[in-house]
Amino acid sequence: MLSWDIAVSRAINNAVPRVYKVLNEHPYIPELAKRLRGAKLEVLNNLEKYVEETIQSVKNNGGNAYYVHDAKEAQEIVGKIVGKEKIVVMGKSMVAYELGIRKYLESLENEVWETDLGEFLIQQANEPPSHIIAPAIHMTKERVGKLLKEKIGGVDENSKVEDMVAVVRKFLREKFIKADVGITGANAIAADTGSILLVENEGNIRFTTVSPPIHIAIAGVEKILPTLADAMIEPLVQSAYAGLYPPTYVNLTSGPSSTADIEHNRVRPAHGPREFHLILVDNGRVKANKDEVLREALLCIRCGRCHFHCPVYRAIGNVWGDPPYSGPMGAMWSYVVDGDSKPAMYCVHSGNCKEVCPMQINIPRVLEYIKNKGIHNDSGGFNA
Amino acid sequence: MPFPVDKRVCSSWAKDLPRGGDTIIYTSCMYQIEPSVGTFLKLLPSISSLKGLMPLARVVKPSKTQLERAYRILNNIVIALKKSGINTGYLYEDEPYSGAILLEMGFLDEFGEYARKVVKLFKEKGVKRIITVDPHTHNALTRYKEFVNHDIDVVNYLELVNYTKEVKGEFTIHDSCLYSRFLGLREKYRELLRKSGIKLIEDEKITGKDTSSCCGGPLGPVDLKVSEKIAENRAKDLEKLNKKLLVVCPICYVTLLPHFSGEIKDISEVIF
Ligand code: SF4
């Protein structure tokens, strides 16, 4: 058996029943998912207005907000904020990967560390991620042990998973403390308050957002929701459909750190970052949003559930789609951001993904549409 | 068909069905030709161009046994329909192909164009009601309306038959993705199987609506290796439940056959 087969069937056997259990035990979650879809559609129908509102709200909180069209613009802004020869810690972000932020910062002689365990392994192995929630699921624990032995030492292929985690924890702790800048994505952004929400289990994102003096969040415009109340729903739905409910941590950030302890005057900064930057990214999304069928892809909340129900992903997952976008959602996103229709050609229209998607995206129909566009040389959103 | 096929291969199964009529059974030659499609694909590195199939179609033909099986299945369906009070005509060698492969490979523009031609032909023949017998044809036909306005009724035989033989035995089932998750027929054939007395061995993780994976067949024209890998995974899962397997689609049958170590039967071979 190939190591991919072993790793993915272990992950499927763990994840699939867990999601059903979570949904069974918390029947309010599908209701929340429905509300989330409605709120996301409201934003997509009025995208420009909500982008403007978000930018204004972030500024009201004493933060900085930017709107970028493509990877180059995003890299320039991040490069200006970070500068050279700094230590940067990153919380897993597909958009940062999409925009090549880590590689760009490294080219400016910064020391950049992925702090999500899976993403850290990916960085160490210099490989693309294979799943949005679990970027290193293509690695068996034996392989992880071997990799860590080579890169940071302290464990080997026979070590226990707990020991592997401890070794990375110790190694990264020092980086967190010394870091000048923390970079994260955002699971949801509230237009009315300019707050971002981040959901995680490891605690690395908390560290990344709070320990360094500067926090940069990078997110696609599709992450905007009308209100903070809507945005709060997203972490619950995302973690539930990822089978990781309740999430260990949900982080809410509205601008740089603040205190109101002296005469109830809110002043910034306090203990956390003194600077907060939100970078809102187009990179093909705005064009996709104008297309009735492709717009559906923008509803994706990256729970990764569709991957585990997809026969094609199970057969070839780690090479299907343009990194970091793999699996059924990745076949849609490869087209939205890279104009690449080839991954869509691999959709066998089993329909499992549409059955399980919390956002009720009819993924096979979107992919069928992309296939037709690809066949007729109609390129995607990116730079088109 | 997407490649030239001897029309007699497609139509010889029917002997005494009336030619044409306002209600017809529509095979789209799927059961008849599907056993040889795998051979076509194996001979090709890739059919990025469907035209690549043309010369090969003349040399590859289903074997006598394969054809006999396909003909038996189609006749069983006709018998079941008759016993349920439904008589149909048939277009014999005038029967067109549905265009399913165009749709499934994403040639939407071409599919729409093709659908217009097929609808025109059905109208010329005075067809008012079409009874489909496989999921791919049924799916293609139900999607014609997105491209061409028509009032022909498209119905699948599973929605019409209420007759079954009495059968004893335990089987597991591999669902057709299209019937199960797109066309709402999943319960229809389960109902028929229950009626026949068959005991289905199911497991929510393997044969559940969200979890029952594809056989991989429709991916064959894009990437045969991946298609076979999916079939292998699927067969391995199904074998855990039972060595006797039922399918409801000719593509599932030929795709799973080389990978499943037990016996595979189309439900129409067993319950009618
Ligand atoms: S497409 Fe649906 S199931 Fe897949 S990751 Fe996105 S929200 Fe989750």
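Shown above is the structure to which this text applies.
Note that the structure is a prediction, hence the values are computed from the model and not measured.

Q: Just give me the short version of the side chain of His309(A), but keep the residues and values in it.
A: The topology assignment puts His309(A) in the loop between helix H13 (305–308) and helix H14 (311–316). Look at His309(A) and you get buried, because its relative accessible area is 7%. Within the structure, His309(A) has its side chain in polar contact with the backbone oxygen of Asp210(B) (distance 3.1 Å). Excluding its chain neighbours within four sequence positions, the residues that come into contact with His309(A) are Val16(A), Tyr20(A), Asn352(A), Val356(A), Asp210(B) and Thr211(B).

Q: Give a detailed account of the pairing of strand S4 (residues 181–184) of chain A, specifying residues and quantitative values.
A: Residue and element names in this part refer to chain A. Neither face of S4 is left uncovered, since the one carrying Val 181 and Ile 183 and the one carrying Gly 182 and Thr 184 both have all their residues buried. Here three bridges tie strand S2 (residues 87–90) to S4, and the two strands are oriented parallel to one another. Across the sheet, the residue bridging to Val 89 is Gly 182, located in S4. Pairing geometry for S4 and strand S7 (residues 214–220), over four bridges, is parallel. Pairing of Thr 184 across the sheet is with Ala 217, part of S7.

Q: I'd like to hear about the pattern of salt bridges, residue by residue, with values.
A: Applying the stated criterion across every chain yields a total of 38 salt bridges over all chains. Here the salt bridges do not stand alone but share partners, grouping Glu98(A), Glu222(A), Arg285(A) and Arg302(A) into one network.

Q: Give a detailed account of the pairing of strand S10 (residues 275–281) of chain A, specifying residues and quantitative values.
A: All names here are of chain A. Taken across its seven residues, S10 has six buried, putting it largely inside the fold. Here strand S1 (residues 64–68) runs beside S10; their pairing, made up of five bridges, is parallel. Residue pairing for S10: Tyr 67 is matched across the bridge by Leu 280. Direction of pairing for S7 relative to S10: parallel, over a ladder of seven bridges. Bridge pairing in S10 places Ile 218 opposite Ile 279.

Q: Outline the site of the ligand, listing residues and values.
A: Within the structure, the ligand sits among eleven residues, and Cys300(A), Cys303(A), Gly304(A), Cys306(A) and Cys357(A) are positioned closest to it. Residue classes in the shell around the ligand are distributed as nine nonpolar, one polar and one charged.

Analysis parameters
- Residues numbered from 1 in each chain as written.
- Chains lettered and ligands numbered in written order.
- Predicted model: local features only at pLDDT ≥ 70, side-chain atom pairs only at ≥ 80, totals over all residues.
- Heavy atoms only, no water.
- Helix = DSSP H or I, 4+ residues; strand = E, 2+ residues; numbered from the N terminus.
- Buried < 20%, exposed > 50% of the residue type's maximum accessible area, 1.4 Å probe, protein only.
- Polar contact = N/O pair within 3.5 Å; in protein donor to acceptor, adjacent residues only side chain to side chain.
- Contact = heavy atoms within 4.5 Å.
- Pairing = 2+ DSSP bridges.
- Salt bridge = Lys/Arg side-chain N within 4 Å of Asp/Glu carboxyl O.
- Near = heavy atom within 4 Å.
- Nonpolar A, V, L, I, M, F, W, Y, C, P; charged D, E, K, R; others polar.

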